[in-house]
Amino acid sequence: MTDTPYIRPDMKAFLDMMAQVNGPKLVDMTLEEARASYQALHNLADRPARALPVIRDLACPGPNGEIPLRLYDARESREGPTPVIVFYHGGGFVIGDLDSHHALCTEIAALADLPLVAVHYARAPEAPFPAAILDCEATTRWVAAGPEALGLTPSGIVTTGDSAGGNATVVVGQLLAADPAHTPVLLQVPIFPLVADANGSDSMAAFSEGFVLTAESMGFFDTAYAADRADPRGFPILGRHDDAPPTIVVTASLDPIRDSGRAYAKALVDAGRDCLFIEMRGVTHSFTNLRAAVPSTQGDLERIVAAMRFMLENPA
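Here the structure is a predicted model, which means the values were calculated and not measured.

A. Up close: the overall build of the chain. For the chain, the helix and strand inventory stands at nine helices and eight strands. Relative to a compact globule of 316 residues, whose C-alpha radius of gyration would be 20 Å, the chain shows 18 Å and is just as compact. The dimensions of the chain, computed from C-alpha atoms along their principal axes, are 50 × 40 × 40 Å. Out of the 316 residues in the chain, the part that is buried amounts to 56%. Across the chain, contacts joining residues at least 24 apart in sequence account for 79% of those joining residues at least 6 apart. Split by element, the accessible area of the chain, about 13000 Å² in all, is 54% carbon and sulfur.

B. Representation of helix H9 (residues 296-313). Between its first and last C-alpha atoms H9 spans 26 Å; for 18 residues at 1.5 Å apiece the expected length is 26 Å, and the two agree. Looking only at H9, the buried set comprises Thr297, Gln298, Asp300, Leu301, Ile304, Val305, Ala307, Met308 and Met311. Looking at the packing, one finds that the buried side of H9 touches strand E3 (82-88), helix H3 (102-112), strand E5 (154-162), strand E6 (185-191), strand E7 (247-252) and strand E8 (275-280).

C. Structural context of the sheet that holds strand E4 (residues 116-119). One open sheet holds the eight strands; their spatial order is E1-E2-E4-E3-E5-E6-E7-E8, and the pairing between them is mixed. Here the strands that pair on one side only, and so sit at the sheet edges, are strand E1 (54-62) and E8. Ignoring which end each strand starts from, the neighbouring axes of this sheet average 20° apart. In this structure, E3 lies alongside E5, joined through seven bridges in parallel fashion. Across the sheet, residue Val86 finds its bridge partner in E5, namely Thr159. Docked against the sheet, helix H8 (residues 258-270) engages E6, E7 and E8, running at close to 155° with respect to E7.

D. Local environment of unusual backbone geometry. Here Ala124 and Pro125 are connected by a cis peptide whose omega angle stands at 0°. As for its placement among the helices and strands, Pro125 is situated in the loop between E4 and helix H4 (131-144). Phe129 connects to Pro130 through a cis peptide bond whose omega is 0°. In this model, Phe93 sits at a positive phi of 65°, which is unusual for a non-glycine residue.

E. Spotlight on the pattern of salt bridges. A full pass over the atoms with the stated rule returns 25 salt bridges. Here Asp99 makes a salt bridge to Arg70, at a shortest N to O gap of 3.2 Å. Here Asp99, found in the loop between E3 and H3, pairs with Arg70, found in strand E2 (residues 65-73); they are 29 residues apart in sequence, far enough to count as distant. Residues Asp231 and Arg233 are paired through a salt bridge, measuring 3.0 Å at the closest nitrogen-oxygen approach. Residues participating in the shared-partner salt-bridge network are Asp46, Arg50, Glu107 and Arg291.

F. The arrangement of the nonpolar core in detail. Leu69, Phe93, Val94, Val143, Leu150 and Tyr225 are the most contacted members of the largest nonpolar core, which totals 49 residues. The set of elements that each furnish at least two residues to this core consists of helix H2 (31-45), E1, E2, E3, E4, H4, helix H5 (164-178) and helix H7 (215-225). Of the residues forming this core, the biggest block, six residues, is contributed by H4. When sequence neighbours within four positions are dropped, the list of residues in contact with Leu69 reads Arg56, Asp57, Leu58, Ala59, Cys60, Leu98, Val117, Ala118, Val119, Thr139 and Trp142. The next biggest cluster of nonpolar side chains, apart from the first, holds 41 residues, and it includes Ile85, Leu116, Leu187 and Met308.

G. Representation of the side chain of Arg35 within the structure. For Arg35, the position within the fold is in helix H2. For Arg35, a relative accessible area of 15% gives the class buried. The contacts of Arg35, once residues within four sequence positions are left out, are Val94, Ile95, Arg123, Ala124, Pro125 and Glu126.

H. Spotlight on the packing of aromatic side chains. Using the criterion set out here, one finds six aromatic pairs in the structure. Ring centres of Phe93 and Tyr225 lie 4.1 Å apart, and the angle between their planes is 20°; this geometry places the pair in the stacked category. Of this pair, Phe93 sits in the loop between E3 and H3 while Tyr225 sits in helix H7, placing them 132 residues apart in sequence. For Tyr225, a relative accessible area of 6% corresponds to the buried category. Following the ring pairs from residue to residue traces out a cluster consisting of Phe93, Tyr121, Phe129 and Tyr225.

I. Representation of the pairing of E3 within the structure. Burial analysis of E3 places six of its seven residues in the buried class, the great majority of the element. Sheet analysis places E3 next to E4, joined by four bridges and oriented parallel. Among the inter-strand pairings, Val86 is bridged to a residue of E4, identified as Val117. Handedness of the crossover is the feature at issue here: the chain leaves E3, passes through H3, returns alongside E4, and the resulting connection is right-handed.

Calculation rules
- Per chain, residue numbering runs from 1 following the sequence as it is written.
- Two thresholds apply to this predicted model, a pLDDT of at least 70 for residue-level local features and 80 or more for giving and counting side-chain atom pairs, whereas whole-chain, interface and lining totals are computed over all residues.
- Excluded from the side-chain calculation are hydrogens and water; included are all heavy atoms of the structure.
- In this text, helices come from DSSP runs of H or I with a minimum length of four residues, and strands from runs of E with a minimum of two, each type numbered from the N-terminal end.
- Only C-alpha atoms enter the radius of gyration, while the globule expectation follows 2.2 Å times N to the 0.38, with N the number of residues.
- The buried label goes to any residue with under 20% of its type's maximum accessible area, the exposed label to any with over 50%, and the partly exposed label to all in between, with areas taken from a 1.4 Å probe on protein chains only.
- It only takes one pair of heavy atoms within 4.5 Å for two residues to be counted as in contact.
- Computed by Shrake-Rupley with a 1.4 Å probe, the accessible areas treat only the displayed protein chains as cover when residues are assessed.
- By this rule, a helix spans an expected 1.5 Å times one less than how many residues it contains.
- The criterion for strand pairing is that DSSP finds at least two bridges linking the strands in question.
- The axes used here are C-alpha line fits, helices contributing only the stretch in contact, and every angle between their N-to-C directions lies in the interval 0 to 180 degrees.
- A pair is scored as a salt bridge if a Lys or Arg side-chain nitrogen falls within 4 Å of a carboxyl oxygen belonging to Asp or Glu.
- As used in this record, nonpolar core signifies buried Ala, Val, Leu, Ile, Met, Phe, Trp, Tyr and Cys residues forming a set joined through side-chain atoms within 4.5 Å.
- Side-chain rings of Phe, Tyr and Trp (the six-membered ring for Trp) are treated as a pair once their centres are within 6.5 Å; stacked means planes under 30 degrees apart, edge-to-face means over 60, and tilted covers the remaining angles.
- Note on handedness: a crossover is taken as right-handed if, strands pointing away from the viewer, the path from the first strand over the helix to the second is clockwise.

Such coordinate-based values are descriptive only and should not be taken to indicate function.
This is the structure in structure tokens:
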């Protein structure tokens, strides 16, 4: 093996450009600046949002008040039951929101040809662990019940999210396996998720600086979110895997938390669960939100959604 990791040419061009930007680091920003910076990066690096016939803000009840949601659909209306995607955004449970992942959600809804509900869970540090998870669970149960405000009849749920949202995807899967919702989780798709503690991993050592997500930023999120390291709702590798729903685990080869996703895929295989593992070579964390700046990553997203469609159409 070579010590030099493979980096796609368009990914390298983006990393080189980012290295020239002399702005403050995330850890040196105020919370408001950090959130604005995250949005600005996605505005710069991601493709424009798709125009869809349905993009509608709504809300559902949560444990600490209403949870803002956004419904996306490539169809004006749907007759009869349909799988519904529930999407949990990334951003370390601190800096993401509905707008930071708006373009990505329009793309997933269009490619999957399924309705998608994006969740704006309570964020840290204002609402530390486990507030985000409780909101994600409450929303998923609400969607699964097919309330009138949603205007859909779910046949089942597909949970997905990136990074922190990938963590929420796995945790919600475990919570709903232990206490099922009104309709089942048909498929879960954690994308470059943090499932196990990444500290001390080979991938953290190799990619801690210069590959979009840094060890320093991870520390910033970790401090703000303050997840209990002994609680499976914080680090779901600690939870049960023998009743996990069918799963697509997606990792990025240049990601400091790559090995966390790999460990989760192995845990599912060892538990005898239905699991598809895809590692996108030569790209970093957050590649799903870099599709304009790193054009090859559009193909990665299309592969993920094609795998979702295959798994839903060919249940084990």
